Amino acid sequence: MAEHTKPEQILAHFTIQGTDHAGALNLDGPNTKLDIFSDDFLHLKDDEMNCVRGVSKEGVSISAIYCVPLTMSGNASYHGKHKSYMTVQPNYVVLGTHYLEPEADVITSISFTFTEANHLFYELGTFGHIIREHRLSFGQLREILRGVKRAPKHRRRGGRLELYYQWDRGPIIEASCKAGTITVWNATSGRLPSSDGLELQNRARVSCCFTTPLNLEAALRVVWQIMSLFELVTQSCQNVEGVTLEHKDAKRYTQLRLHLIHREPEKVQSVMPTDALVNGGLHEDEFKKVLIQWMDTAELRRAARQRFIEGFRCNHRYRTERLIGAANAFDLLPASDFAKQGSLPEEVEGLLTCFENQVKTASKTSETVNEYRERLLNNLGLIRGLNLRNKVLQRWATVPSCIASRLPAMPEAIAHSVRARNFFVHGSPLPMTTESVYELSSFFTDTLEFVFGVSELSECGWDTDRWNKEHYSLSRYKWYISNFPEYMKRIDAAVANSKAATTTP
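Only a predicted model underlies this, so the values are computations on that prediction, with no experimental measurement involved.

Caption draft 1: Quick look at the overall build of the protein chain. When its secondary structure is counted, the protein chain shows 14 helices and 16 strands. By the compact-globule yardstick of 23 Å for 505 residues, the protein chain is too spread out, its C-alpha radius of gyration being 30 Å. Expressed as lengths along the three principal axes of its C-alpha atoms, the size of the protein chain is roughly 100 × 75 × 45 Å. Across the 505 residues that make up the protein chain, the buried fraction comes to 42%. Here the analysis covers contacts within the protein chain between residues at least 6 apart in sequence; of these, 72% occur between residues at least 24 apart. Summed over all atoms, the accessible surface of the protein chain reaches about 28,000 Å², with 51% contributed by carbon and sulfur. Charge centroids of the protein chain, computed over 59 positive and 59 negative side chains, lie 7 Å from each other.

So, in structure tokens, the structure goes:
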């Protein structure tokens, strides 16, 4: 989730083991590399590659963080002069007025934008156009006339007047959560109007001012937690761009520029503002509520959400691993999400206890049984717990009725989706042919991702009644609901055809 920038070379001096060495940092996305030159043999220990410091000829501090060797050491000759060099590749590069030690808690805030930020935070009235037919105040007319006071008299009146405006009304979103204060605002830049015309650009940016200073990994973890929500509500992958950091020892408003080296830009589908599940500019209060709840529950649910979003952001690209990941996300949810399974029937519990005792007794006298002891007991223990299907059904039960009522056959779809997952993981038997499973695997994946995403957002305060009534054009979740009946017919047909094939003599 990174921006694509033009290659840039920075000539600098880097401090290696207390000695300055000439070097060149070539910033080029995943092809970024750092070359360091010396008269003597060069070698860096692992801990020394955590942060290689340098300073450019312009005085910019360079922190090459978590470097890995590309060429540990080499030699080159030029007209009889011998030089040693080493080439490393950093995972992060920080440029600015201060160095950044990656494990030091010195980052007070982080700011970034992303591909479709302007559409997710679509704010009406920020920019506009006024023509002469609208009555202008005396003060507005006076300011306009000041700008043309040197013009000939016949050019100070008449003609056609068009006014273009930018109205800065403060932050679009401002929300306080456990991580800190998250602010979404319009970052507008441009040139003064001239005979060349008007030039103005705007990008919605997201800033998080932390409650306490964080190190680099912790600060980026907050970014990914925020972005997992933004990718869910836009229903598409997004590329994080223009990341800046604020160092606790830097002067106010002095930002460090962060390059994320190994995150290649993805192809991003355009998002219509009204297709977002909740829009920060159009539904400010609702978005703020969802954002706060999402962030305040992030630490407990981070693993499950990360597993989910890794597949969900692939959009229309489906693989078997994505189906497995969508199912696995439910297993990573906290146990408090699920009601405990009721006690087993007495006869079943007796059999289960008997089997467990047999395994324990046999493992004491048989090395072969003892080798499988833990696996056998674990599998028997699963019978007392919730299986995957029950977990997904329990999460579906939390979805508001305005959505659930439109998908009455969802329990059946969930059952088939879990069976498909079990087939790919364990080779479990299926009520349909293998060809049908592959043909329907995209729907099975969408089903599990739909249940997970809708249930997570609903618990964070998403207004499903409002969303359910809105029109759509590119909303993946609205398309899922529309196509659901047709896919259920295809499943029924696949099961019927498989049954007929097995009963035919």
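Caption draft 2: Inspection of the pattern of salt bridges at higher detail. This model, assessed by the stated rule, comprises 22 salt bridges. Where R53 meets E101, a salt bridge forms, and the shortest distance between an N and an O atom there is 3.2 Å. Pair noted here: R53 is in strand 4 (residues 51–56) and E101 is in the loop between strand 8 (92–96) and strand 9 (107–114), with a separation of 48 residues, a long-range link. Relative accessible area serves as the criterion here: at 33%, R53 is assigned to the partly exposed category. You can call E101 partly exposed: its relative accessible area is 35%. Between E123 and R169 there is a salt bridge, and its shortest N-O distance comes to 3.8 Å. Taken together, the residues span a long stretch of sequence, with E123 in the loop between helix 1 (117–120) and strand 10 (127–131) and R169 in the loop between strand 11 (162–166) and strand 12 (173–176) at a distance of 46 residues. Salt bridges linked by common partners bring R301, R305, D337, R395, E456 and E459 together as one network.

Caption draft 3: Main features of the pairing of strand 12. Burial along strand 12 is one-sided: the face carrying I173 and A175 is buried and the face carrying E174 and S176 is not. Sheet topology places strand 12 next to strand 13 (residues 180–194); 4 bridges connect them, and they run antiparallel. By the bridge assignment for strand 13, E174 is matched with T183. A loop of 3 residues connects strand 12 with strand 13, the two strands running antiparallel in sequence.

Caption draft 4: Region of interest: a nonpolar patch on the surface. Residues Y122, L124 and L282 make up a contiguous nonpolar surface patch of roughly 280 Å² in combined accessible area. Relative to the assigned elements, L124 resides in the loop between helix 1 and strand 10.

Analysis parameters
Residues numbered from 1 in each chain as written. Predicted model: local features only at pLDDT ≥ 70, side-chain atom pairs only at ≥ 80, totals over all residues. Heavy atoms only, no water. Helix = DSSP H or I, 4+ residues; strand = E, 2+ residues; numbered from the N terminus. Rg over C-alpha atoms; globule rule 2.2 N^0.38 Å. Buried < 20%, exposed > 50% of the residue type's maximum accessible area, 1.4 Å probe, protein only. Contact = heavy atoms within 4.5 Å. Areas by Shrake-Rupley, 256 points an atom, 1.4 Å probe, with all protein chains shown as cover. Lys, Arg positive; Asp, Glu negative; His and termini not counted. Charge placed at Lys NZ, Arg CZ, Asp CG, Glu CD. Salt bridge = Lys/Arg side-chain N within 4 Å of Asp/Glu carboxyl O. Pairing = 2+ DSSP bridges. Patch = residues over 30% accessible without salt bridge, like charges linked within 9 Å, V, L, I, M, F, W, Y side chains within 5 Å.

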